[in-house]
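# Examining the three-dimensional arrangement
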Amino acid sequence: MIVNQIKRMIPTLKVNNRNLNESFYIETLGMKPLLEESAFLSLGDQSGIEKLVLEESPSMRNRKVEGSKKLARLLVKVENASEIEALLARMEKHPRLYKGNKGYAFELLSPEGDCVLVHAEDDIRDLEKVEEEVTFSKDDKIRYLTAFEVSVEINLPEKTASLLEKEEIENRLAFNQAQGSDLLVENNVTWDLSMLKFQVENLDLPVLRQRFEESGYFIPKSEKFFLSKDANNIELWFEEV
């Protein structure tokens, strides 16, 4: 039996201006608002399953990242490639455009300066840049994406290794070496990727305790989840799916 097998990963992004970021992820990227609670906004697709969380944190508590962000890039893999064209059709100005085996893709920056790639490819290496001007047909029936999955590219300083096992994260996470004074700060200091929530099958607390012993962890009396942090101080939350 495989323990702590990750079935879904839900990133949490700390943001400054809630309204600007909310509009970007909902109106521009087609994500569906699921739950709004205090500073948190849960986003997903038409399945109603949570895929991404925005956490508003004002400038009195957080600040802009200096240098490289921990979040190198957010990748949104859309199940239906034609819906990407519908998103592009409602934009006044097209972002950086690509084309792959499944269809078009685009890359742009969020109001927080996070790089987001929206695509439908099995392998993003299949994407090639589109230089010519393309016109897309509007489809007013599509407001929210039918289905998508989120994966993340993370910047780590040299000689810093993630505590997550490669076989666990599969295609959900990739790590790049980078330089930046804020790559190792606590997750409550900057507007950046602050937490990764993993919904797992066969939650095994003793295995997690052993792995995260040095970084410290929290387990509630109910033992329903396990909270720790990675080597770069991004919080890691494990819960039974």
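Residues numbered from 1 in each chain as written. Predicted model: local features only at pLDDT ≥ 70, side-chain atom pairs only at ≥ 80, totals over all residues. Heavy atoms only, no water.

### Considerations on the sheet that holds strand β5 (residues 71–78)
This is how the line gets drawn: In this description, strands pair whenever DSSP reports at least two bridges between them. Secondary structure counts use DSSP, requiring at least four H or I residues in a row for a helix and at least two E residues in a row for a strand, with both numbered from the N terminus. Whether two residues touch is decided by their heavy atoms; if any such pair falls within 4.5 Å, the residues are in contact. Under this scheme, a helix contributes an axis fitted over its contacting stretch, all axes are lines through C-alpha atoms, and angles between N-to-C directions fall in the 0 to 180 degree range.
Here we have seven strands laid out as an open sheet, ordered β9-β6-β7-β8-β5-β10-β11, and mixed in their pairing. Only two strands of the sheet have a single neighbouring strand rather than two, namely β9 (128–129) and β11 (173–177). Summarising the sheet, strand β6 (residues 96–99) and strand β7 (residues 104–109) pair through four bridges and their orientation is antiparallel. Paired with Tyr98 across the bridge in β7 is Ala105. Across the sheet, helix α1 (residues 18–28) is in contact with β5, β7 and β8 (115–119); its angle to β7 comes to roughly 175 degrees.

### Observations regarding α1
Note on helix geometry: an α-helix contains 3.6 residues per turn, so any two residues three or four positions apart are oriented the same way. For clarity, the cut-off: Using a 1.4 Å probe on the protein chains alone, a residue whose accessible area is under 20% of its type maximum counts as buried, one over 50% counts as exposed, and one in between counts as partly exposed. Here a polar contact is recorded for every N or O atom pair within 3.5 Å, except that within protein the pair must consist of a potential hydrogen donor and a potential acceptor, and residues adjacent in sequence are included only if both atoms are side-chain atoms.
Buried within α1 are the following residues: Arg18, Asn21, Glu22, Phe24, Tyr25 and Ile26. Regarding α1, its N-cap is Asn17, as a side-chain oxygen of that residue lies 3.1 Å from the backbone nitrogen of Asn19 further along. A positive backbone phi angle near 75 degrees is found at Gly30, which sits one or two residues after α1.

### Focus: the nonpolar core
To be explicit about the condition: Take the buried residues of types Ala, Val, Leu, Ile, Met, Phe, Trp, Tyr and Cys, join any two whose side-chain atoms come within 4.5 Å, and each joined set is a nonpolar core.
Formed by 55 residues in total, the largest nonpolar core has its most connected members in Tyr25, Phe106, Phe198 and Phe238. At five residues, the largest contribution of residues to this core is made by helix α2 (residues 81–89). Ignoring sequence-local partners within four residues, the contact set of Phe238 consists of Leu164, Phe198, Val200, Leu203, Leu208, Phe212, Lys224, Phe225 and Phe226. Membership of the second largest hydrophobic core comes to five residues, among which are Tyr98, Ala105, Leu117 and Leu127.

### Some points on the environment of Ser23
Here Ser23 shows up in helix α1. Assessed through its relative accessible area of 36%, Ser23 is described here as partly exposed. Residues Ser23 and Glu55 lie 32 residues apart in sequence; the distance between their C-alpha atoms is 14 Å.

### Notes on the pairing of strand β3 (residues 40–44)
Extensive coverage of β3 is indicated by the burial of four of its five residues. With five bridges joining them, strand β2 (residues 32–37) and β3 adopt antiparallel strand pairing. Residue Pro33 lies in a different strand from β3, and its bridge partner there is Leu43. Connecting β2 to the antiparallel partner β3 that follows it, the hairpin turn spans two residues, and Ser38 within it adopts a positive phi of roughly 55 degrees. The pairing of β3 with strand β4 (residues 50–56) spans five bridges and is antiparallel. Opposite Leu43, over in β4, you have Leu52 as the bridge partner. Linkage of β3 to β4, two consecutive antiparallel strands, is achieved through a turn of five residues, within which Gly48 is found at a positive phi near 80 degrees.

### Description of α2
Extensive coverage of α2 is indicated by the burial of seven of its nine residues. When α2 is considered as a whole, its buried residues turn out to be Ala81, Glu83, Ile84, Ala86, Leu87, Leu88 and Ala89. Considering only its buried residues, α2 is in contact with α1, β5, β6, β7 and β8.

### Some points on the environment of Pro157
Locating Pro157 in the fold gives a position in the loop between β10 (148–156) and α3 (166–169). Given a relative accessible area of 14%, Pro157 falls into the buried group. For the pair Pro157 and Ala178, spaced 21 residues apart in sequence, the C-alpha separation works out to 5.2 Å. Once residues within four sequence positions are removed from consideration, Pro157 is found in contact with Ala178, Leu183 and Leu184.

### Considering the side chain of Lys197
Note the threshold: As used throughout, the charge tally considers Lys and Arg to be positive and Asp and Glu to be negative, leaving His and the chain termini uncounted. The salt bridge definition used is simple: a Lys or Arg side-chain nitrogen within 4 Å of an Asp or Glu carboxyl oxygen.
By secondary structure assignment, the location of Lys197 is in strand β12 (residues 193–201). No salt bridge is formed by the buried Lys197; its nearest oppositely charged neighbour, Glu239, is found at 4.3 Å. Not counting chain neighbours up to four residues away, the residues in contact with Lys197 comprise Arg8, Met9, Ile10, Glu50, Trp237 and Glu239.

### Comments concerning the packing of aromatic side chains
Put simply, the rule is: Note on ring pairs: Phe, Tyr and Trp rings are taken, using the six-membered ring of Trp, and paired if centres are within 6.5 Å. Classes follow the plane angle, with under 30 degrees stacked, over 60 edge-to-face and the rest tilted.
One pass over the full model with this rule turns up nine aromatic pairs. With a centroid separation of 5.2 Å and an interplanar angle of 25 degrees, the aromatic rings of Tyr217 and Phe226 are classed as stacked. Residue classification places Tyr217 among the partly exposed positions, given a relative accessible area of 38%. On the basis of relative accessibility, which here comes to 0%, the residue Phe226 falls in the buried class.

Treat this as a map of the structure, not an account of what it does.
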